[in-house]
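Here's the letter readout for the chains.
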Amino acid sequence: MAKKILLDCDPGLDDALALLLAHGDPDIELVGVTTVGGNVGLQRTTSNALALREYLHFESVPIAAGAGEPLVGDTREAAHVHGESGLGNAHLPEPTLPLDGRHAVDFIIDSLRASPGAIHLVATGPLTNIALALRQEPAIARLAASFTIMGGSFTRGNATPAAEFNIYADPEAASVVFAADWEVVMVGLDLTLQARATGPVVQRLATLGVLANELILPLATYWVDANDKNWDGQAVHDVCAVAHVARPDLFASRPARVEVEKRGALTSGMTVVDFDSAYPNASVPVALDVAGFWAYVEHVYGLVAAHHA
Ligand code: RIB
Ligand code: CA
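Reference entry: report on the structure contained in this document. Counting restarts for each chain: residues are numbered from 1 in the order of the written sequence. Here the convention is simple: chains get letters from A, ligands get numbers from 1, in the order in which they are written. Whole-chain, interface and lining totals are the exception, using all residues; otherwise, since this is a predicted model, local features are given only for residues with pLDDT of at least 70 and side-chain atom pairs are given and counted only at 80 or more. The side-chain values count all of the structure's non-hydrogen atoms but skip hydrogen atoms and water molecules.

### Focus: the side chain of Asn166
Then, number 1: Numbered from the N terminus, helices here are DSSP runs of H or I no shorter than four residues, and strands are runs of E no shorter than two. If you trace the backbone, Asn166 turns up in helix H7 (residues 165–168).
Then, number 2: For Asn166, a relative accessible area of 4% corresponds to the buried category.
Then, number 3: By the criterion applied in these results, polar contacts are pairs of N or O atoms within 3.5 Å in which, for protein atoms, one can donate a hydrogen and the other can accept it, and in which residues neighboring in sequence qualify only through two side-chain atoms. Within the local environment of Asn166, its side chain forms a polar contact with the backbone oxygen of Met150, the two atoms lying 2.9 Å apart.
Then, number 4: Leaving out residues up to four positions away in the same chain, Asn166 has contacts with Asp10, Thr124, Gly125, Pro126, Leu127, Met150, Gly151 and Asp238. We call a residue buried when its accessible area falls under 20% of the maximum for its residue type, exposed when it is over 50%, and partly exposed in between, using a 1.4 Å probe and counting protein chains only. For this analysis, residues touch if any pair of their heavy atoms sits within 4.5 Å.

### Structural notes on the site of ligand 1
Then, number 1: One heavy atom suffices: a residue is near a molecule or strand as soon as one of its heavy atoms comes within 4 Å of it. As a matter of local geometry, ligand 1 sits amid 13 residues, with Asp14, Thr124, Asn158, Glu164 and Asp238 nearest to it.
Then, number 2: Side-chain polar atom of Asp10 to an oxygen atom of ligand 1: 3.2 Å apart, as the coordinates give it.
Then, number 3: The separation between an oxygen atom of ligand 1 and a polar main-chain atom of Thr124 is 2.9 Å.
Then, number 4: Contact with the protein chains hides 96% of the accessible area of ligand 1, taken as 280 Å² for the molecule alone.
Then, number 5: Elements represented by at least two residues in the shell around ligand 1 include exactly helix H1 (13–24), H7 and helix H12 (237–246). Each accessible area value is a Shrake-Rupley result obtained with a 1.4 Å probe; residue values ignore everything except the protein chains displayed when judging cover.

### A word on the coordination of the calcium ion (ligand 2)
Metal coordination angles in their ideal form are 109.5 degrees for the four-donor tetrahedron and 90 or 180 degrees for the six-donor octahedron.
Then, number 1: Those donors, Asp10 (OD), Asp15 (OD), Asp15 (OD), Thr124 (O) and Asp238 (OD), are the protein atoms that reach the calcium ion (ligand 2), and they lie 2.2 to 2.6 Å from it.
Then, number 2: For Na, K and Ca the donor cutoff is 3.2 Å, while for all other metals N, O and S atoms count as donors only within 2.8 Å; water does not appear among the atoms, so some sites may look incomplete. Sequence positions of the residues that donate to the calcium ion (ligand 2) give the spacing D-x4-D-x108-T-x113-D. Of this pair, Asp10 sits in the loop between strand E1 (3–9) and H1 while Asp238 sits in helix H12, and the two are 228 residues apart along the sequence. Accessibility classification places Asp10 together with Asp238 in one group, the buried group.

The following block contains the structure:
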């Protein structure tokens, strides 16, 4: 039986690669996509999701737009990483099909209420929509089959030395999410930086024809950190969150108590991870079967490529 996933995202280079995985894996049923402002503004993340839906032909999947600003504070974006469009060098045809008429928060609540215990909720952007949904209907914490985020870190950040971008962009929302009555699977930077599109990976992806040339490579090779002397490829952060739902066997995890720093002058958005807590609220993947991960991802991308027109 396919696992149902509702993906809340801010496409975004790696969000787009995560959408490709969720769409392409026959053991995943993508039941909905909701968008949030993050890497780039909400209008662009939403347009990118709509364009990806038509380019990859998952037109039956509803897409609902959500929050464009964080719960508190200023909007923080990452166009310097993802490009002004949010999709790097990938240039997709303009979307023609409409959004779902509901706000993302209502879409998430309606979807989880309609299928109690059946939908795996995954968030790969700032957690604003998820926090708003929890405030509107706290019961969703018990209605989701699981809840997985790409976000946080138990060592260093990427937006600041202390904070990972998705948490940094809306610390208040992240705090609400980690305080809710569910276990958060926190796929953080310590894990996702193990999932890099290295030279050999890119060479294998490049054999996937038109899909590789038009989408996968422009997304997976766009960002190079010029400050990283040991650079060995772009991390596909968000792909790891979807992969954890589909293939948890590829990950080793530890329970932890995660709290979010909201007021630190230097540490706002830091996830403070206590692996020794007697009151865990999260499961934190710490190790990845890297070869197994890429074998899985490349296999699914190959399935899509074989039918892509
Ligand atoms: O820190 C990486 C995360 O921030 C990813 O989700 C990426 O898409 C950006 O949103
Ligand atoms: Ca993202």
